[in-house]
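Topology and contacts: notes
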2 protein chains.
Amino acid sequence: MQATPCPKCPLRALSVMLANTPEELAVIESLRDSQTLLRAGATLIREGERGGRLATLFAGWAFRYKTLRDGRRQILNFLLPGDFIGLQQKMTDESPHGVEALTDVVLCTFPRDTVWQLHQRLPAVGYDITWLAAHEESIVDENLVSVGRRTAAERIAMLLIRLYKRASALQPGAPGRSVLFPITQQHIADALGLSLVHTNKTLRRLHKLGLYRIVEGHLVLLDPGALERMADWYGTGVPEARPLI
Amino acid sequence: MQATPCPKCPLRALSVMLANTPEELAVIESLRDSQTLLRAGATLIREGERGGRLATLFAGWAFRYKTLRDGRRQILNFLLPGDFIGLQQKMTDESPHGVEALTDVVLCTFPRDTVWQLHQRLPAVGYDITWLAAHEESIVDENLVSVGRRTAAERIAMLLIRLYKRASALQPGAPGRSVLFPITQQHIADALGLSLVHTNKTLRRLHKLGLYRIVEGHLVLLDPGALERMADWYGTGVPEARPLI
DNA sequence: CGACGTGTTGATCTCTCTCAATTAGAGTGG
DNA sequence: CCACTCTAATTGAGAGAGATCAACACGTCG
């Protein structure tokens, strides 16, 4: 596959991304291994695997998850273009979580020591990476609050709002439009700590209330205000901007 | 208060901490503001507060939390000596979570731009900070799995094991000993997404099974193997070593 | 001594889970 | 073109883990 040069990366044009100097981009591109295409459903990192790849998600959606022995699965968070994959995993350790593609996906892969190289050669980028890690944590924090303390309806309202915002920030165009939403009810259930059946019933309820619509894998929020009120969401909390190495 | 010099920091003697060169420690100490003593129950960072402090926990226990408007509270994770406080908070933003002291606490406080200073002047330390942030995230990941997919008994077993391991790693001495455990059942409930009453009943059940004992704020695991089996815990996952700037 | 925080226990109540069955659409092979 | 299979969504019924409500015990403290 013909790899996109970093300076021409379309993700850079988005306002949510951090600015980098041309020199920084040159270094980043020189470190990059290649771009890799993977099919929807592919496992990018297996739980417990050693030496998994380090990558950024160039296109497509994925998710991080952990499973218990008997198969219960918890989705930790969803990964959208610009997100890091495999940052948590220290050099030779095994990955504490799995990563799976929700759609066809393009990864920019890097050698395992890239994080260290960047810190050493480009402190400003190293700093951004720290901030990125801290930011991903606050997304997980937010999920933990939902799963721990919100009711099923509140959790779902929250998830719809958060994913809508993240997706629309990546999709230039008027607000209020529909955004890609490539996840099944099973994914929602696994992300929110709910059963599939209850997820379906609750989703149905919100749908009948006219709060959202999903058509052909695209989500529209018909009443964002009502959803935010239902989710007990401050609107503060996690800022939506996400940097990219 | 007489501040402990960083090179003499007792935390450094612990095997779980990262090694730093004398030069690095000198820079770190030069950046440090002071040491601050705060009482048990004190709020270190208020939710939504701007310009909160940046600090490391030198002594004592604390916890991070978020609350919903109606008062429901979720504890995100517990902070033990050596942990960072306020790393998530970008410069001028408001803090996405609160931090409260569980015991009397001593903080080593730093100016807000210390993270950047360290990245710039000591890339190796910057790298450690990135790893620390990623590591704290995996603790939250683990909590999310518990709250989302484990039963009450499993969650409590998990929490007892995890806190015991973290605390005993900081407390030189024979394994199998008792460790400080300065949290109430209300804290456990808020960390695990359970009600206080159900937490009490479940705790009681595990106690009657002879799995643990808490005496005068100190925890002993009487049957760690049974607890691990109950928690469906692999033992892999989050490594226990934690670095310190 | 009364107020308060923490732990404990019993009695309901209900939100969510589990089990079961049905529908609809997409893909596949004959 | 049509059975056949699979996945995803849907709905009803019954069961259960955990929530809520209410008391009470105990120790500390001003």
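Our subject is the structure that appears above.
Residues numbered from 1 in each chain as written. Chains lettered and ligands numbered in written order. Predicted model: local features only at pLDDT ≥ 70, side-chain atom pairs only at ≥ 80, totals over all residues. Heavy atoms only, no water.

**Observations regarding the overall build of chain A**
Condition: Numbering of helices and strands runs from the N terminus, with a helix taken as a DSSP run of H or I at least four residues long and a strand as a DSSP run of E at least two residues long. Whether two residues touch is decided by their heavy atoms; if any such pair falls within 4.5 Å, the residues are in contact. We get accessible surface area from the Shrake-Rupley algorithm with a probe of 1.4 Å; when it comes to residues, only the shown protein chains can shield them.
If you tally the helices and strands in chain A, you get seven helices and 11 strands. Put simply, of all contacts in chain A between residues at least 6 apart along the chain, 73% involve residues at least 24 apart. Total accessible area computed for chain A in this model is approximately 9,700 Å², and 55% of it derives from carbon and sulfur atoms.

**Some words on the protein's contact with DNA strand C**
Going by this rule: The criterion for a residue being near a molecule or strand is simple. One of its heavy atoms has to lie within 4 Å of it. For this analysis, a polar contact is any N or O atom pair within 3.5 Å, provided that within protein one partner can donate a hydrogen and the other can accept it, and provided that sequence-adjacent residues contribute only side-chain to side-chain pairs. Residues are grouped as follows: Ala, Val, Leu, Ile, Met, Phe, Trp, Tyr, Cys and Pro are nonpolar; Asp, Glu, Lys and Arg are charged; all remaining types, including Gly, are polar.
Near DNA strand C, the surroundings consist of 13 residues, among which Ser195 and His198 of chain A together with Gln185, Lys201 and Arg204 of chain B are the closest. Across the atoms of DNA strand C situated within 4 Å of the protein, the share located in sugar and phosphate is 63%. The side chain of lysine 201 of chain B places a nitrogen or oxygen atom 3.1 Å from a base nitrogen of DNA strand C. The separation between a phosphate oxygen of DNA strand C and a polar side-chain atom of arginine 204 of chain B is 3.4 Å. Those elements giving two or more residues to the surface near DNA strand C turn out to be helix 6 (196-208) of chain A together with helix 6 (196-208) of chain B. Of all the elements, helix 6 of chain B adds the most residues to the surface near DNA strand C, at four residues. By residue class, the composition of the surface near DNA strand C is four nonpolar, seven polar and two charged.

**Re the relation of the copies chain A and chain B**
How we decide: Residues below a pLDDT of 70 in either copy are left out; the C-alpha atoms of the rest, at least 70 in both, set the least-squares superposition of the copies.
Once chain A has been moved 0.0 Å along the axis and rotated by 180°, it coincides with chain B to within an RMSD of 0.0 Å. Both copies are brought into coincidence by an operation consistent with a two-fold rotation axis. The share of interface residues of chain A whose copies in chain B are also at the interface is 100%, consistent with both copies meeting through the same surface.

**Quick notes on the sheet that holds strand 4 (residues 62-67) of chain B**
Threshold: Pairing between strands is defined by DSSP: at least two bridges between them are needed. Geometry is summarised by axes, namely lines fitted to C-alpha atoms with helices restricted to the contacting stretch, and by angles between N-to-C directions that run from 0 to 180 degrees.
Taken together, the four strands give an open sheet; going across it, the order is 2-7-4-5 (chain B), and neighbouring strands pair in antiparallel fashion. Across the chains shown, the open sheet's two edge strands, defined by having one partner strand only, are strand 2 (43-45) and strand 5 (73-79) of chain B. Averaged over all pairs of adjacent strands, the angle between their axes in this sheet comes to 30°, without regard to strand direction. Bridge count between strand 4 of chain B and strand 7 (residues 98-101) of chain B: four bridges; the pairing is antiparallel. The residue bridging arginine 64 of chain B from the neighbouring strand is valine 99 of chain B, located in strand 7 of chain B. Running at roughly 130° to strand 5 of chain B, helix 3 (residues 123-149) of chain A makes contact with strand 4 and strand 5 of chain B of the sheet.

**Focus: helix 1 (residues 22-31) of chain A**
Residue and element names in this part refer to chain A. Note the threshold: Between buried and exposed lies partly exposed: a residue is buried under 20% and exposed over 50% of the maximum accessible area for its type, with that area taken using a 1.4 Å probe on protein chains only. The arc in question is the one spanned by the directions pointing from the helix axis to the C-beta atoms.
Here helix 1 has its buried residues at Glu24, Leu25, Val27, Ile28 and Leu31. Seen end-on, helix 1 carries its buried residues on one side only, within an arc spanning 160°. Summarising the geometry of helix 1, the exposed residues directed more than 90 degrees from the buried face are Pro22, Glu23 and Ser30. Buried residues in helix 1 make contact with strand 8 (105-110), helix 2 (114-121) and helix 3.

**Quick look at the interface of chain A and chain B**
Interfaces are often described in size by the accessible area the parts lose on coming together. Stated precisely, the cut-off is as follows: Accessible area that two parts lose when put together, with a 1.4 Å probe and added across both, is what the buried area reports. Each reported salt bridge corresponds to a side-chain nitrogen of Lys or Arg within 4 Å of a carboxyl oxygen of Asp or Glu.
Contact with chain A, which involves 56 residues of that partner, is made by 56 residues of chain B. Between chain A and chain B, the buried area comes to about 4,900 Å², and carbon and sulfur atoms account for 59% of it. A per-residue breakdown of the area chain A buries against chain B is headed by Tyr127, Leu144 and Arg149 of chain A, which together make up 17% of the total. Viewed at the interface, chain B and chain A are joined by 10 salt bridges. With a shortest N-O distance of 2.7 Å, glutamate 137 of chain B and arginine 64 of chain A are connected by a salt bridge. Run the count over chain A and chain B and you get 24 residue pairs in polar contact (both at pLDDT 80 or more). Elements with a minimum of two residues in the side of chain A that touches chain B: strand 4 (62-67), strand 5 (73-79), helix 2, helix 3 and helix 5 (185-192) of chain A. Split into classes, the residues belonging to the side of chain A that touches chain B amount to 24 nonpolar, 15 polar and 17 charged.

**Re the protein's contact with DNA strand D**
Lining the immediate surroundings of DNA strand D are 13 residues, of which Gln185 and Asn200 of chain A together with Ala152, Ser195 and His198 of chain B lie closest. Between arginine 204 of chain A and DNA strand D, the recorded distance is 3.2 Å, taken from a side-chain N or O atom to a phosphate oxygen. In the model, a phosphate oxygen of DNA strand D is placed 3.4 Å from a nitrogen or oxygen of the histidine 198 of chain B side chain. Going through the elements one at a time, helix 6 of chain A together with helix 6 of chain B are the ones with two or more residues in the surface near DNA strand D. Per element, the largest residue contribution to the surface near DNA strand D is four residues, and it comes from helix 6 of chain A. Taken together, the residues that form the surface near DNA strand D break down as four nonpolar, seven polar and two charged.

**Observations concerning the sheet that holds strand 9 (residues 179-180) of chain A**
Residue and element names in this part refer to chain A. Taken in spatial order, the three strands of this open sheet run 9-11-10, and their pairing is antiparallel. Among the strands making up the open sheet, the edge pair consists of strand 9 and strand 10 (212-215). Taken together, the four bridges between strand 10 and strand 11 (residues 218-221) define a ladder with antiparallel strand orientation. If you follow tyrosine 212 over to strand 11, its bridge partner there is leucine 221.

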